[in-house]
Amino acid sequence: MVSAQDSVVELPLARFLARCHAEFSADHSGEVATYIPELALANPSDFGIAVTTVDGFVYEVGDSNVAFTLQSISKAFVFALALDIVGPDRVEAVVGVEPSGDAFNSIRLGADNRPFNAMVNAGAIACTSLLCEIEGAGMGERLTDAFSRFAGHRLEVDEATFESERVTGDRNRAIAYLLRTHGVLKGNVDEVLDVYFRQCAVKVTARDLSVMAATLANKGINPLTGEQVASSYAVARTLSVMTSSGMYDSAGRWVYNVGIPAKSGVAGGIVASLPSQLGLGTYSPRIDDQGNSVRGLRSCEALSSHFGLHMLNRIGDVRTCIAASYDVGSVSSRRARRPEELAILEAHHAAGIVLELAGALSFANVEYVSRRIQDLQPHLSHLVLDFRRVSSISEAASHLLTGALDGLVTHGVEVVFSGVAKGTSLEASLAGWLGGKHGVRGIAPLDEAIEWAEDRIIQRLGGHLDLQKPTILAEQQLLTDLSQDELSDLAGLMATRDYDAGDRMIGSGDPATSLLFVGSGVVSVRLPSGIRLATLSAGMAVGEMALLETRRSADVWADTSVTCLELSLEDFAGFRERHPRAAEHVMANLARLLSKRLIVANNKIEALASF
Ligand code: GLN
């Protein structure tokens, strides 16, 4: 597990948190809660802050490992669990979602005799009672288990605090009896309250709170363990009620100033969760009149205002979801094309478009993508959507994408997805398309998707792709401008080489002593790692860099059965002496090929860097 405390160079957020900690440590306002006698034993000077990012990095400062009890913070998690275990219908029938404007322990119910919301005692006891209807007293243990999964390790109940509250908890007893009068609480009051007091007495640290908050921020998936602890439905509803009611009667001011869903507890903890970004946990037992930790509040306020973390702040620019956009004329696949194929692709470059998408695709991103796709439409026949850099796609975004692509497909456009990694949640979200529905195909690497689009465009426009068709030496790109005599002299020096599909024709690192002219078939030049640098076919030379280099820089594989003519460097040296003019042509042709490759590479860089 990574933590800022282990790192050598201080990270900017770690430095900021340390500054907050130093500054707010001097604030001694507020009092330690005493109405639960055991809470009065807390050390008033304890102060810890922890932040966990949604990718599981933990920042800690001060007393981030001092244990204290969850108290009301448990309410947020119990609400989420009630939604998942009991079901939203029953939970939402029993407890409202309106801010009460009252203190956390108010005995007042709403006009419909339901608790105002699940973040005040009445609402929390109602949720606990619903859970107890399922498992009775055993629910206490089940809740501790569930909290532990939010925190990523085993949490325990502080028996002394539990006992202390049980003995003194008459106000909560009053609330529970009132709930029973109105049929909200159906079971045994003492049994329900025992579970409630237990959930409040679960021991955590500021670090634990930050991980629990990050789990809420991460759609219910604990970023340290990867476990889905709550459904995204329950998490979204819990964060909603935390936003409107998490900070008791100062909830309005909280949303206005801080704007991060949060929940506090009288023991001095605050949990704050900023969706998709971070979880914050603070602990300092001095609380204000509303029951919120003074230093905790100040830490949240400082973090939010310094970094502009208010959840209603506009973040990002929808346009960044297109990392690159180009046509097959400016960025080609690694398949080297014959001149007649190139001519087709150049004339119809706008028929094949690649959009490289990036980031978490939301409604707003894909709405933008759908307009970009519409703009392309007049000439478009093949669209490649690349998902290599896409982390997720929301349901709303999926709907919009379906709409945009359905429109294209009915107009005869062929769509291909690339870069969707196997076994990812993104693959699951796109499964409907990748299965071949909606006329969309999935081709794994982007380069192959582009090659496919090129092939289809060439075929559609009458080009031929007969790669086995033999060619004559005069068609070789490297040998243009040679006379018949020169060609036949050269042919006399060459040896025919046949390869089967799968043969390695050239090995990286070998001495470069000859060049091969492909007469028929398809060969691929690959790095030893398997990455494809180029695919070549009849009329093209491989190993031609032997004219300039002494060692082979890559492997060459036969993709199909291949026939080549091999010319050794030694023989070429002899030829050079006999036909200096022809040899100069060969070298000039090589320079031209290399310069074309450089132009293509520069185009690629330009197309990819201009975003
Ligand atoms: N256990 C506490 C109570 O019910 C929780 C209150 C709180 O943290 N605000 O009084």
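Remember, predicted model here, so these are calculated numbers, not experimental data.

*Asks:* It is not clear to me how the overall build of the protein should be interpreted in this structure. Could you clarify?
*Replies:* When helices and strands are tallied, the protein shows 21 helices and 22 strands. At 34 Å, the protein has a C-alpha radius of gyration far larger than the 25 Å of a compact globule built from 611 residues. Counting only C-alpha atoms, the protein reaches 110 × 55 × 40 Å along its principal axes. Across the 611 residues that make up the protein, the buried fraction comes to 52%. For the protein, long-range pairs separated by at least 24 residues make up 75% of all intrachain contacts whose partners lie at least 6 apart in sequence. With the model as given, the accessible surface of the protein reaches about 26100 Å², and the carbon-plus-sulfur share is 53%. Averaging the coordinates of the 53 positive side-chain charges in the protein and doing the same for the 73 negative ones gives two points 2 Å apart.

*Asks:* Would you take a moment to explain the sheet that holds strand 13 (residues 414-418) for this structure?
*Replies:* In spatial order, the strands read 10-11-12-13-14; together these five strands make up an open sheet with mixed pairing. Of all the strands in the sheet, just strand 10 (322-327) and strand 14 (440-442) have a single pairing partner and so form its edges. Averaged over all adjacent pairs, the angle separating strand axes in this sheet is 20°, with direction ignored. Its contacts with the sheet put helix 15 (residues 395-410) on strand 11 (352-361), strand 12 (382-393), strand 13 and strand 14, and the angle it makes with strand 12 is roughly 175°.

*Asks:* Would you explain the pattern of salt bridges in this entry?
*Replies:* Pairing is possible between side chains that carry opposite charge, provided their charged atoms lie close to one another. Going through the model one piece at a time under the given rule, you end up with 35 salt bridges. R337 is the partner of E454 in a salt bridge, and the nearest nitrogen-oxygen pair spans 2.8 Å. On the criterion of sequence distance, the pair formed by E454 in helix 18 (residues 446-460) and R337 in the loop between strand 10 and helix 13 (339-347) is long-range, its members being 117 residues apart. One salt bridge in this structure joins R371 and E367, with 2.8 Å as the shortest N-O distance.

*Asks:* Teacher, can you tell me more about the site of the ligand here?
*Replies:* In the vicinity of the ligand, 13 residues are found, and the nearest of them are Y35, Q71, S72, E165 and Y196. At 2.4 Å from an oxygen atom of the ligand is found a side-chain nitrogen or oxygen belonging to Y35. At a separation of 2.5 Å, a nitrogen atom of the ligand approaches a polar side-chain atom of Q71. For the ligand, whose free accessible area comes to 300 Å², the fraction covered by protein is 99%.

*Asks:* Hey, could you run me through the sheet that holds strand 2 (residues 48-53) in this one?
*Replies:* Strand-to-strand pairing in sheets goes through backbone hydrogen bonds, with the strands running parallel or antiparallel. Here we have five strands laid out as an open sheet, ordered 3-2-8-7-6, and antiparallel in their pairing. On the outer flanks of this sheet lie strand 3 (58-62) and strand 6 (262-264), each paired with one strand and no other. On average, each strand axis in the sheet is inclined to that of its neighbour by 10°, with strand direction left out of account. Bridge analysis of strand 6 against strand 7 (residues 269-274) gives three bridges, and the strand direction is antiparallel. Among the inter-strand pairings, K263 is bridged to a residue of strand 7, identified as V271.

*Asks:* Help me understand unusual backbone geometry in this model?
*Replies:* Note: most residues except glycine have negative phi, and most peptide bonds are trans. At N113, a position not held by glycine, the phi torsion is positive, near 65°. With respect to the helices, strands and loops of the structure, N113 is situated in the loop between helix 3 (88-94) and helix 4 (121-135). At S276, a residue that is not glycine, the phi angle is positive and equals roughly 70°. Examined against the element boundaries, S276 turns out to sit in the loop between strand 7 and strand 8 (278-283).

*Asks:* Mind showing me how you'd approach the side chain of T205 here?
*Replies:* Positionally, T205 belongs in the loop between strand 5 (203-204) and helix 9 (206-217). Separated by 3.0 Å, the side chain of T205 and the backbone nitrogen of D208 make a polar contact. When near neighbours in sequence (up to four residues on either side) are disregarded, T205 contacts S64, N65, V66, A67 and F68.

*Asks:* Looking at this model, I keep getting lost on the nonpolar core. Mind explaining?
*Replies:* One recurring pattern in soluble globular proteins: nonpolar side chains tend to sit buried together. Among the nonpolar cores identified, the biggest contains 72 residues, and F77, V91, I125 and F147 are the most heavily contacted of them. Broken down by secondary-structure element, the contributors of at least two residues to this core are helix 2 (73-85), helix 3, helix 4, helix 5 (139-151), helix 7 (170-181), helix 8 (189-200), helix 9 and helix 10 (232-245). By residue number, the principal contributor to this core is helix 2, which donates nine residues. Once you skip the residues sitting within four places of it in the chain, F147 turns out to touch L70, S74, F77, V78, L81, L155, Q199, V202 and M212. I393, V413, L426 and L430 belong to the second largest nonpolar core, which has 29 residues in total.

*Asks:* I keep staring at the packing of helix 13 against helix 18 and nothing clicks. Help me out?
*Replies:* Packed helix pairs are characterised by how far apart their axes lie and by the angle those axes make with each other. Relative to each other, helix 13 and helix 18 sit at 95°, their axes nearing to 10 Å. Comparing the axis directions of helix 13 and helix 18 gives the class roughly perpendicular. Touching E341, I344 and L345 of helix 13 are E454, I457 and I458, all from helix 18. Residues that form the contact of helix 13 with helix 18 fall into these classes: four nonpolar, no polar and two charged.

*Asks:* Any chance you could explain a nonpolar patch on the surface here in plain terms?
*Replies:* A cluster of nonpolar side chains, contributed by L527, I531 and L533, occupies part of the molecular surface with about 230 Å² of accessible area. Position of L533 relative to the elements: it lies in strand 19 (residues 532-537). A residue is classified by how much of its surface remains accessible, and L533, at 40% relative accessible area, is partly exposed.

*Asks:* How should helix 19 (residues 484-493) be read in this particular structure?
*Replies:* Within an α-helix, residues lying three or four positions from one another point in the same direction, as the helix has 3.6 residues per turn. Residues of helix 19 that are buried: E486, L487 and L490. Along helix 19, the residues classed as buried sweep out an arc of 100° about the axis, all on the same side. Along helix 19, the residues that are exposed and aim more than 90 degrees away from the buried face are Q484, D485 and G492.

*Asks:* Explain the packing of aromatic side chains here, please?
*Replies:* Two aromatic rings are characterised by how far apart their centres lie and by the angle between their planes. For the structure on display, the rule yields nine aromatic pairs. Taken together through their ring pairs, the aromatic side chains of F77, F147 and F150 make up a single cluster. The residue whose ring lies beneath R198 is F162, and the NZ or CZ to ring-centre distance is 4.4 Å. Over the face of the ring belonging to Y233 we find R237, whose NZ or CZ atom lies 4.1 Å from the ring centre.

*Asks:* Please clarify how the pairing of strand 3 should be interpreted in this entry.
*Replies:* Sheet faces and side chains relate simply in a regular strand, where the side chains alternate between the two faces. Of all five residues making up strand 3, four are buried, and the element is well covered by its neighbours. Of the strand pairs in this sheet, strand 2 and strand 3 are connected by five bridges, and their pairing is antiparallel. When the sheet's bridge partners are listed, T52 is paired in strand 3 with V58. Connecting strand 2 to the antiparallel partner strand 3 that follows it, the hairpin turn spans four residues, and G56 within it adopts a positive phi of roughly 90°.

*Asks:* It is not clear to me how the packing of helix 1 (residues 12-25) against helix 12 (residues 294-307) should be interpreted in this structure. Could you clarify?
*Replies:* Put simply, helix 1 and helix 12 touch, their axes get as near as 10 Å, and they point 140° apart. When the interaxial angle is binned, helix 1 and helix 12 end up oblique. The crossing of helix 1 and helix 12 is right-handed. Touching L13, F16, L17, R19, C20, E23, F24 and S25 of helix 1 are R295, R298, S299, A302, L303, H306 and F307, all from helix 12. Partitioned by chemical class, the residues of the contact of helix 1 with helix 12 number eight nonpolar, three polar and four charged.

Quick notes on the rules
- Residues numbered from 1 in each chain as written.
- Predicted model: local features only at pLDDT ≥ 70, side-chain atom pairs only at ≥ 80, totals over all residues.
- Heavy atoms only, no water.
- Helix = DSSP H or I, 4+ residues; strand = E, 2+ residues; numbered from the N terminus.
- Rg over C-alpha atoms; globule rule 2.2 N^0.38 Å.
- Buried < 20%, exposed > 50% of the residue type's maximum accessible area, 1.4 Å probe, protein only.
- Contact = heavy atoms within 4.5 Å.
- Areas by Shrake-Rupley, 256 points an atom, 1.4 Å probe, with all protein chains shown as cover.
- Lys, Arg positive; Asp, Glu negative; His and termini not counted.
- Charge placed at Lys NZ, Arg CZ, Asp CG, Glu CD.
- Pairing = 2+ DSSP bridges.
- Axes fitted to C-alpha atoms, helices over the stretch in contact; angles between N-to-C directions.
- Salt bridge = Lys/Arg side-chain N within 4 Å of Asp/Glu carboxyl O.
- Near = heavy atom within 4 Å.
- Polar contact = N/O pair within 3.5 Å; in protein donor to acceptor, adjacent residues only side chain to side chain.
- Core = buried A, V, L, I, M, F, W, Y, C linked by side-chain atoms within 4.5 Å.
- Parallel < 35°, antiparallel > 145°, perpendicular 65-115°, else oblique.
- Nonpolar A, V, L, I, M, F, W, Y, C, P; charged D, E, K, R; others polar.
- Patch = residues over 30% accessible without salt bridge, like charges linked within 9 Å, V, L, I, M, F, W, Y side chains within 5 Å.
- Arc of directions from axis to C-beta.
- Phe/Tyr/Trp six-rings, centres within 6.5 Å; stacked < 30°, edge-to-face > 60°.
- Lys NZ or Arg CZ within 6 Å of the ring centre and 35° of its normal.
- Left-handed = near helix turned anticlockwise from the far one by under 90°.

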